[in-house]
Amino acid sequence: MSYQALYRKFRPDSFEDVKGQDAIVTTLKNQIESDHIGHAYLFCGTRGTGKTTVAKVFAKAVNCENPGKNGPCGECGMCRLIASGTSMNVVEMDAASNNKVDDIRQVIEEVQYSPPQGKYKVYIIDEVHMLSASAFNALLKTLEEPPSYMIFILATTEVHKIPLTILSRCQRYDFKRIPVDTIAGRLRELLEREGIQAEDKALTYIAKLADGALRDGLSLLEQCISFYFGERLTYENVLKVLGAVDNEVYASFAGLLAENDIVGMMGVIDRIVIEGKDLSRFCDEFIWYLRNMLVAKSTDHPEQILDMPEENLKELEETGGKLEMDMLFRYIRVLSEVENQMKYASQKRVLFEVALIKLCKPEMERDLESVINRLHNLEDQLSQGVMVQNSEKDPAMPQPDRVSEVPEKKKMMESAVSQEVKVLAGNWGQVLNQLDSVSRTMLNHVTLTVNDQGSLVVAFAEETSYSYFAGNPEHTEMLTGAAAQVAGKLVDIQFKMTADQREYDALPELRGLFGDSDIEIETTK
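Let me sum up the structure you'll find in this document. (Residues numbered from 1 in each chain as written. Predicted model: local features only at pLDDT ≥ 70, side-chain atom pairs only at ≥ 80, totals over all residues. Heavy atoms only, no water.)

Before going further, it helps to examine the overall build of the chain. A tally of helices and strands in the chain yields 26 helices and 8 strands. Residues classed as buried in the chain amount to 45% of the 525 residues present. Long-range pairs, those at least 24 residues apart, make up 71% of the contacts in the chain between residues at least 6 apart in sequence. Working note: accessible area of the chain is about 27,700 Å², and carbon and sulfur atoms make up 48% of it. (Helix = DSSP H or I, 4+ residues; strand = E, 2+ residues; numbered from the N terminus. Buried < 20%, exposed > 50% of the residue type's maximum accessible area, 1.4 Å probe, protein only. Contact = heavy atoms within 4.5 Å. Areas by Shrake-Rupley, 256 points an atom, 1.4 Å probe, with all protein chains shown as cover.)

Structure, rendered in structure tokens:
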């Protein structure tokens, strides 16, 4: 027999082997046991989470001559026929390549014939969201009133593309991403069957790279054991095969970034390129490292959120102590932007290195996060006894007199803004939660500021969103009422349409001062 990939070789034959989808499996088993089987099911979720696998096991179970607690027996004639793919009771259809109305009409014609043996005829339509609108319409009537022996199982990774008329006729099951420990346990179990030894740390790392998809984890595992055939799979071997970087490198890199050590970071990038690592993956995983650091700084119990060893968590908190929250926000923003650009760039290294230099030189930007970053650098220099002087060689460096104005302006604004406006700016999310989905969408991209009279000003950059509120008293009253619920009293709210993007970007943002961060702000005229 020809070689089979691991994910095909170890595809579950019973509900017991399905991992990470306990709620769905239990529901389907109870339906079979109680003989309350539906006529249409919709399995949705990300790739590699078991949608098609569960559909096949379910199809075998409803036709099995001797079903048990774990579904099909796997030994009767029907189970063997379905497993070999020769049964006419189970038909698989790929909607990605059979998405026309004529393909669905053929299905409708075949549905009229009852199964030659067994109880049910099961149609498994994979990637059903690829069907055309006319194909969905053709399927609709049959899906609504199929013959008693007919079961449809629709599988998709993009459930938002399914028409509501189809959704309302199906039992919907959402397949969750499989946890890291569950994937690692399954990999360990399969390696024991194969007689291959592997480090737990190596399997855990593969499980993390799988990103909730067990099939991806099996594919990555197969790649690693093929490269080191006959050897024990170690953590270092996994890093070499997959082009990944050890967590210690990210910790060291973050430390260099915190110290603005451009030379040190360039040295790390050079080693990564020489070793053949993928810079896009390095950037992506470093963003996740910074995200974990942000989480660790934002909560008293990060171990409840972050799935990592205790020593790694301590190292994360130690490195994070060198960085402020606003600096981490800026790092993640800049690196996320460059990561998107690297997908289509021919010179990925140049883009990445320029972004790193920008992070170390906050004076290259004029946004508030960069200003805070520059203040942090000044404080570090002063704490080390370095005198900050006005130098013509570095005109972009913020001067001491400009820096000293920031806390004074902040104090002036805190006293100028009313308490009610402060409450609204700091709890704007609660205001939005009381609105309908359309109103929330219209307020997705606005700036909250104040005018000379102390009124809260909602500034818009888009004419449609502005007109939705400014030109409709009903919508204005709805927003005012939601704001009153949060502030405890009626607050005067004004609407402003900015002339262009430059004016919109220049407006100070109240949420930064009284919300998540602490920034300088001025009133608008």
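Still more to cover.
Looking now at the packing of aromatic side chains. The relative placement of two aromatic rings is captured by the distance of their centres and the angle of their planes. Tallied over the entire structure, the rule returns 21 aromatic pairs. Ring plane angle 85° and centroid distance 5.0 Å describe the contact between Phe-253 and Phe-286, whose orientation is recorded as edge-to-face. Linking Phe-253 in helix 12 (residues 247-258) with Phe-286 in helix 14 (residues 279-298), this pair joins segments that are 33 residues apart in sequence. Both residues of the pair, Phe-253 and Phe-286, count as buried. When the ring of Phe-282 is compared with that of Phe-286, the centres are 6.3 Å apart and the planes differ by 5°; the resulting orientation is stacked. Of this pair, Phe-282 and Phe-286 both sit in helix 14, 4 residues apart, roughly one helical turn. Take Phe-282 and Phe-286: they sit in the same class, and that class is buried. Every member of this aromatic cluster is reached through a ring pair, and the members are Tyr-250, Phe-253, Phe-282, Phe-286, Tyr-289 and Phe-352. Over the aromatic face of Tyr-235 sits the side chain of Lys-201, whose NZ or CZ is 4.2 Å from the ring centroid. (Phe/Tyr/Trp six-rings, centres within 6.5 Å; stacked < 30°, edge-to-face > 60°. Lys NZ or Arg CZ within 6 Å of the ring centre and 35° of its normal.)

The general pattern is negative phi for most residues beyond glycine and trans for most peptide bonds. Unlike most non-glycine residues, Asp-35 shows phi in positive territory, near 60°. Notably, Asp-211 is not glycine yet its phi reads approximately 55°, a positive angle. With respect to the helices and strands, the residue Asp-211 is situated in the loop between helix 9 (200-209) and helix 10 (214-227).

Another aspect to go through is the packing of helix 3 (residues 51-63) against helix 4 (residues 77-84). Look at helix 3 against helix 4: their axes get within 9 Å of each other, and the N-to-C directions meet at 155°. Relative to helix 4, the element helix 3 lies roughly antiparallel. When you trace helix 3 past helix 4, the crossing you get is right-handed. Only Met-78, Cys-79, Ile-82 and Ala-83 of helix 4 make contact with helix 3, whose side of the interface consists of Ala-59, Lys-60 and Asn-63. (Axes fitted to C-alpha atoms, helices over the stretch in contact; angles between N-to-C directions. Parallel < 35°, antiparallel > 145°, perpendicular 65-115°, else oblique. Left-handed = near helix turned anticlockwise from the far one by under 90°.)

Our focus in this paragraph is the pairing of strand 1 (residues 40-45). In terms of burial, strand 1 is largely enclosed, as 6 of its 6 residues are buried. Residues Ala-40, Leu-42 and Cys-44 point to one face of strand 1 and Tyr-41, Phe-43 and Gly-45 to the other, with burial holding for every one of them. Note: strand 1 against strand 4 (residues 150-156), 5 bridges, orientation parallel. Paired with Cys-44 across the bridge in strand 4 is Thr-156. (Pairing = 2+ DSSP bridges.)

Here we come to the sheet that holds strand 2 (residues 90-94). Strand pairing in a sheet relies on backbone hydrogen bonds. The paired strands run either parallel or antiparallel. Pairing in this open sheet of 5 strands is parallel, and the strands run 2-3-4-1-5 from one edge to the other. The sheet terminates laterally at strand 2 and strand 5 (171-175), the two strands that pair on one side only. Each adjacent strand pair in this sheet contributes to an overall mean axis angle of 15°, direction not counted. One ladder, built from 5 bridges, connects strand 1 with strand 5; its direction is parallel. Its bridge partner lying in strand 5, Tyr-41 is registered against Gln-171. Helix 5 (residues 101-111) contacts strand 2, strand 3 (121-126) and strand 4 of the sheet and is inclined by roughly 165° relative to strand 3.

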